[in-house]
Structure formats: C-alpha cells, structure tokens
Amino acid sequence: MSSAKKKSILVTCPQCDAVLLTKDSNRHQDFCGKSAEESEISCARNGVLRGFNVAIDKAESFLPPDAVGWEKEHSILINQQTMETLGLLARQPVRIRYSDDVFIGIVWPCKEVALLKISILSTRIPRERMITMETLNSIDTVTSLGITVESTLRVTVALKGFLEAYLSHSYLEYGLPVVLKYLGQIVKVIPEEPIEQRIGRMGLDAKSRPTVISTSVDFRIQILNSGTSSETTSSESPKPQITDLSNIGGAFGAKRILTDYVITPVLHRHEPPCSVLIWGLPGSGKTLLLQELSRVLSGNVTYIGSCDELVELGGDVTGQVVIVDLNEVEKENSKVNHALGKLLAEEKTCVILCVRSSESLDLGFRVRFPVEAEITVPTQEERLEILSKISANFNNFPPENHLEIARHTHGFTGGDLCSLLKASRFARGDTPLDRVNDAKKRIRPTGIRQFILEVPNVSWQDIGGNEELKLEIQQAVIWPQKHPEAFERFGIDPPAGILLYGPPGCSKTLIARALANEAKMNFLAVKGPELFSKWVGDSEKAIRDLFSRARQVAPTIVFFDEIDAVGSSRGSEKSSGVSDRVLAQLLTELDGLEKSSRVVLLAATNRPDQLDSALLRPGRLDRAIYVGLPCEVTRRAILEMRTRKMKFEDPTSTIQKLVEKTSGYSGAELVAVCRTAAMFAMRESIEASVVQWKHFEEALVAVVSRTEAYLLEIYEDFKAGRTSNA
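What you see is a predicted model, and the numbers here were worked out from it, not measured in a lab.

Scoring rules and cut-offs
- Residues numbered from 1 in each chain as written.
- Predicted model: local features only at pLDDT ≥ 70, side-chain atom pairs only at ≥ 80, totals over all residues.
- Heavy atoms only, no water.
- Helix = DSSP H or I, 4+ residues; strand = E, 2+ residues; numbered from the N terminus.
- Buried < 20%, exposed > 50% of the residue type's maximum accessible area, 1.4 Å probe, protein only.
- Contact = heavy atoms within 4.5 Å.
- Areas by Shrake-Rupley, 256 points an atom, 1.4 Å probe, with all protein chains shown as cover.
- Salt bridge = Lys/Arg side-chain N within 4 Å of Asp/Glu carboxyl O.
- Pairing = 2+ DSSP bridges.
- Axes fitted to C-alpha atoms, helices over the stretch in contact; angles between N-to-C directions.
- 1 Å grid on protein atoms, 1.4 Å probe; cavity = no way out; pocket = protein on both sides within 12 Å on 5 of 7 lines; lining within 4 Å.
- Points joined across faces, edges and corners; volume = space filled by probe spheres on them.
- Nonpolar A, V, L, I, M, F, W, Y, C, P; charged D, E, K, R; others polar.
- Expected span 1.5 Å × (residues − 1).
- Arc of directions from axis to C-beta.
- Core = buried A, V, L, I, M, F, W, Y, C linked by side-chain atoms within 4.5 Å.
- Domains from an automatic or database assignment.

Participant: Can you lay out the overall build of the chain for me, pointing to particular residues and giving the numbers?
Facilitator: For the chain, the count of helices and strands is 25 helices and 24 strands. Among the 726 residues that make up the chain, the fraction classed as buried is 48%. A fraction of 72% describes how many contacts in the chain between residues 6 or more apart in sequence connect residues 24 or more apart. Within the structure as shown, the chain displays about 37,200 Å² of accessible surface, and the carbon and sulfur contribution to it stands at 49%.

Participant: Can you lay out the pattern of salt bridges for me, pointing to particular residues and giving the numbers?
Facilitator: Tallied over the full model, the rule gives twelve salt bridges. Its salt-bridge partner being R97, residue E134 comes within 3.8 Å of it at the nearest N-O pair. Placement of E134 in strand β9 (residues 129-135) and of R97 in strand β6 (residues 93-98) is noted, with a sequence separation of 37 residues between them. Assessed through its relative accessible area of 18%, E134 is described here as buried. For R124, the salt bridge goes to D101, with nearest N and O atoms at 2.9 Å.

Participant: An account of the sheet that holds strand β12 (residues 178-182) is needed here, citing residue identities and associated values.
Facilitator: Judged by pairing direction, the sheet is mixed, and its five strands sit side by side in the order β11-β14-β10-β13-β12 without closing on themselves. Every other strand in the sheet has two partners, leaving β11 (171-173) and β12 as the edge strands with one partner each. In this sheet, adjacent strand axes meet at a mean angle of 55° when their direction is disregarded. In terms of strand pairing, β12 meets strand β13 (residues 185-192) through five bridges, oriented antiparallel. Considered in β13, the bridge of Y182 is made with Q185. The sheet strands contacting helix α4 (residues 157-166) are β10 (140-150), β12, β13 and β14 (212-223), and the helix crosses β12 at an angle near 130°.

Participant: Could you give an account of the side chain of H74, naming the residues involved and the relevant values?
Facilitator: You can see H74 is positioned in the loop between α2 (69-73) and β5 (75-78). Once you skip the residues sitting within four places of it in the chain, H74 turns out to touch F103, I104, G105, I106, Y166 and V178.

Participant: So what's going on with empty space enclosed by the protein? Which residues, and what values?
Facilitator: Take a probe with the size of a water molecule and roll it over the atoms, and the empty space left behind shows itself. Applying the stated criterion to the full structure yields four cavities of 30 Å³ or more. As for the largest cavity, its lining consists of W70, H74, F103, I104, R124, Y171, L172, E173, L176, P177 and V178. Taken together, the elements giving at least two residues each to the lining of the largest cavity come down to β7 (101-109) and β11. The element contributing the most residues to the lining of the largest cavity is β11, with three residues. When grouped by side-chain class, the residues that make up the lining of the largest cavity number eight nonpolar, one polar and two charged.

Participant: Please provide a residue-by-residue account of helix α25 (residues 709-720), values included.
Facilitator: Since the α-helix turns once every 3.6 residues, residues separated by three or four places project in the same direction. Its twelve residues place the ends of α25 17 Å apart at the C-alpha level, agreeing with the 16 Å of an ideal helix rising 1.5 Å per residue. Within α25 the residues assigned to the buried category are L711, I714, Y715, D717 and F718. In a view along the axis of α25, the buried residues occupy a sector of 165°, so they form one face of it. What points out from α25, more than 90 degrees from its buried face, is the exposed set A709, E713 and K719. Each element contacted by the buried residues of α25 is listed here: β20 (497-501) and β24 (623-626).

Participant: Account for the nonpolar core, with residues named and values stated.
Facilitator: Soluble globular proteins: nonpolar side chains tend toward being buried together. In terms of nonpolar packing, the biggest core is built from 37 residues, with W70, L77, I147, L163 and L167 touching the most fellow members. Mapped onto this core, the elements with two or more residues apiece are β7, β10, α4, β11, β12, β13 and β14. With five residues, β14 is the single largest residue contributor to this core. Shared between two domains, this core takes at least three residues from each, and those domains are domain 1 (10-135) and domain 2 (148-223). If sequence neighbours within four positions are ignored, L77 has contacts with I56, A59, F62, L63, W108, C110, V113, I118, S119 and L121. If you look at the next biggest cluster of nonpolar residues, it comprises 29 residues, including L499, F560, V599 and F718.

Spelled out as structure tokens, the structure:
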C-alpha cells in the first residue's frame, strides 16, 4: 500500500467531534464548531455528511440483484467505514441536499467509493459537486398513499398498477416529486400528506412528526387527480388538442404517410393502424416528428426512446401504437433484437420504428413493415416551411429573407438550418441576410460532411484567359440550373457528365473549384485512388454512397480528379479486377443520373486515351472539353495576373517578352516562372523591390516546359475520335 493511501484515514476533531480526513485537518480549523453544511471540506458530524458526489464504473453491479423500481433508481453507494461513522446500515434512508434540490435515497456499501464521498446512481444530482447527506431515523410506514400524477398519459388501471409496483417498499417525502418513465413517457408522482396530518403539523409538535414515510410491500395508492398536467391547473385554459403534424416543418412525404397509415385509422376510422419504418440523416427531424406524433395520438401511444428502455420493457407494452426511436439496431445486441422481435410479433400492435439507415436493419425485421418512409434532405419548399417554423426562435431573422435563404441552402437538413440561424447571431454583416451568408461559409450540410471538399473562394476572375472554355463550361453546368425553361423549350436534357482533359498544370482542378463556387451548388470531390480498398466490395460501396448522397443534396457537382485511375479500359494492362468492378459500378450510377436528379459528374484526367469507351458514350460523360496549353492571349492574362504586385523596369516590354518566350508552357509553369524570378531577385538583395529582366531569364532556364509532344498528339487524336497508338 502506498504512503498516500495510508494517510487517507479518518480522524475526529477533539473540539467539535467532526470526522474528517487527516489531510484536511489544518483546513478544518476554519470550520471547526460550525455545522457540517457550512464546511467546504469533506466531513461528518451529528449524522450529517458533507462530501462529493462521484461517479464509479459499473455502479449497478454493487446493488442487490433484486433491486428494481424505486429502489434501483434511488440507490446511493457509500464506503463501509463512512457508513459506520454515520451509524448507517444497508438500505437505510437518507436525505440528499444540493442547492434547492432534495433527493431521498437508500445507502449500500461499496468499497470503490472513497472515504467521506458518495455515489448517487440517479443523474438528478450533478456529479463532482459538494452535497449534504443527512440520516433519517424516525420513519412512518403507510399502507395507503394519496398521490398527484402529472403526465401526458391517461391514468389507467395499468398505470396505477405500475405505480404501486414501482413505489412498493420505498421511502417518500410528502410534497417531493418522484420522476419516472412509463411507456417512454415522463410521469411525475407527488405524494400528498393526509389532511389530518397537515393540520397536526400546524401544532406545537409539528417538528417531531416525520416528513419521510416508508411504503409497505402491499400498499395501495389513491390518485387524487385525473392524471394530466393540463387538468391539474384549473386556472389555466386547456390547450387545444393537436390533431395533425402541421406544427412540424418539411418532411412532406413522411408526414403524409404517417397521416394516412397511422393517424387517420386511429383517430377517425378507429381501425388498426399500419406499422411504418422511418429512416433519415441525423438532423432531419425524425425524433421531432415522432414526438409530435406521440402528442397527436395522446393516450394511444407508447414512446420508447432508447435501446435500454426497449430491453427494460422486454417487448411487453400496452397501447395501440408503439414508437421506437433508435439510432441503430446492432445485430450483435441479442437483448435488443429479442425485445424488438417480440414487439413486432404482436400483430395487433402498430410499431413505428425509426433508425438512421434502413440498410443497417436486419432483413428479418425490415420485412415486418408494410410501409417505409424516408425523411429525405429537404427540398426548397420544405426548407422554406422549416424556416417559417423555426424563425420564431430567432427574433433577428425577418420572414422576408426566408425564400432567399431557402434557395441557397441545398442539402441543409432542419438541424443544419437551426445551426445556421444560431451561428448568424454572431456572424459578421450589416443585415440579417449578410450575417446568414457569412455563417453559411462555416456550416456544411450534414449529409456530405465526410465527402465535401473545402472549396476556396475561387472565381472565374482568378483563372487567367480561357474565356471560351469558361463559357463552354458555364453553358454545360450553370445554364441548366439557372435557365431550365430554355432546355424544356427545346426538349433537350442537360449534360449528365463533363470530362476535362489536357496536359498537367492547365488549371483543370482550379476550373472545377471555380465552377463549384460560381454555380452555388454543393460540391463533392473525390480523387480516383481514394476509392480503392483492400476489402472486397468496399470500393463499389464507396461509389454507391457517394452518388446516393449526391442525389440527396442535389443540385450537386461530383468532381472526379484523376478519373483514369477508376475508369481505365477494362482488360487493359492498367486495369485489375477491382478497378473493373469499380468502373462497372460507376457506369451503373451514371445511368441512374436522370435529368431530374440534378447531379452533374465533372471529371478530369491527363490521359483520356486510357478511359473505357463505355464511360465516354453520350448520356454518361456527354461533353469532353479540352483544357490545352494556354495560347498567347491566355499566357498574357496569366502573367499579368500573377505579376500584379511585382514592379518591373519596363512592365509592357517584360510581359511581351515573357509571352514570346513561354510558348508551350502550362499555366502552372507560368506561375512557377514568376515565383522563381521573384526568388532570384530576393537572393540578390532581400530588400529588393524590382524584378529585373535578368531574373526572368534565369527563371526561364530553371523552369522549362515539361509537356511532352506525344501527349499533345494523344489529345489531338482523342479530340478527332482516333485511337492513339502511343
């Protein structure tokens, strides 16, 4: 045993008889003689303990195996030596005080709890906080008890029987609420003191009468009210009964299914409802929708909000409709699967199961649901309705801006929109709309956070020259989004995919980023080699997930950089079994990009001759755009842009000579020439402010064109539709 542990023993103060730790002896002098409640260090005195409420691992394992109901929820673990100091025995009641909160519990010995500390299993009292615990000795046992029940549930015979079983053999204080869960709903029980005792407490002997009582095993309760909080307050006007899901914004499809298959049969036709499986992305409003459904159906529903609650009920529920709101049903969790299977086996019970992904649900469970409803990423109309519902919580967000925000939040779920409005409170801007736009730069849609590329603020002006190329790309991508009526007027479909090909360093990737910024579309970027996995099937699944998310958050640009790593010709030396399967999956997804999906595939490659011909047919990569070496006009534009902050002896002559001497240079190589020349100038003098022509001559020697002639021949052959022999 370490010396530190040897010092952790209890000592008794000779002046005030307080029991404390030896290490706190000096600090105790400031509180000596005062009550234990006033002490800032752990101590025990006159049956009162002042100490920390701590958490320990697997706390329930230290309870008796038959601890259930109130006994389990109100157990307190304490060191055996501390119990002896306070004169406590196992299962003896105590009162906990923290601030204005009072908690009645029973103690159990536990060697894992440190001296003069306790561990309360209930989360009602905060952890790592100093609390006061006092022993209770004078306890009256009652065989009947009047209670007030506050809950959204109706008071039924089943609820009354549950409360009697839960409160059996418990310790209660008159007027102190006991909060518990029944069928997934919060129930607050308030023990009421009999009128004769209340009158007696007004006498002189009021202090001698205990306020804590003990219930016998076979005691009975009498419910003094109707059981709903709205009926207990007669001074308040009753709230109107909710009969539909109109208070929830968006989720048009899911709300219609729940109305047709659940609400209408239960409330209007009095027929058995139909079980429904609901799934969707986090933040799409699944739990909010189910909570509203629970309020609409009122006493006809049981709400289960976690796997633990499902296991605890064991599939034994009452009510016509059971709502099971789980993130995921793990196949390895046998207890959850058994309880869910037992629940679904009841033919007369309507089960509303909510999970994140229907694919993760075992097929044996999924076939039990005749109807499935996906809460998809909101459309513009759904986003507009969501904003109208949530904007009441944001007084600084005027309704006239709702439509503008809904138009430019593609892929945002309801949770994302709430986060956007919250963040806009602290964003920069002169108007609410400016602040929302500033906050939007930092908030990404939930559905594509694992795919999204942090697109820099790149615009067409940042790309020198290539005006015809920019116009061609705008016509292929931006026009179908801004002018769909023009395409409908001519009866043509917009391109499903665009291939950018050309020598390395000619701004293909930069063009893709600028396009994403200018088009105001969601942008999913992936490099070909990232998709390959050593596990069989994972690469194909990555392609499926990518396009599935793209369709969810449309309009979307899916950018494949180095697509030749994925789309190489099948059967060639470069291809393999894995790459062939990935290409087949990619071709299948491209065939599924209907014109209504608003998903555009943008691909870039340096070797178009190595792409599979099936990938290049119309309907997949419709347009092949050559991004070649910059011409004289483009080179001038690039050089002027990159030397904007440089000073020359003769700017006009310098730029002209550079344009003449950089024929065959790519855009990246032109940028390298300018950067290298500036470095040579600084090498001569770190204080230099002018870049001389000799520095550019040295840079032209250091940076040479590396675009090989056979590549240019390949591009010419590909453009003409000829097969290259290179």
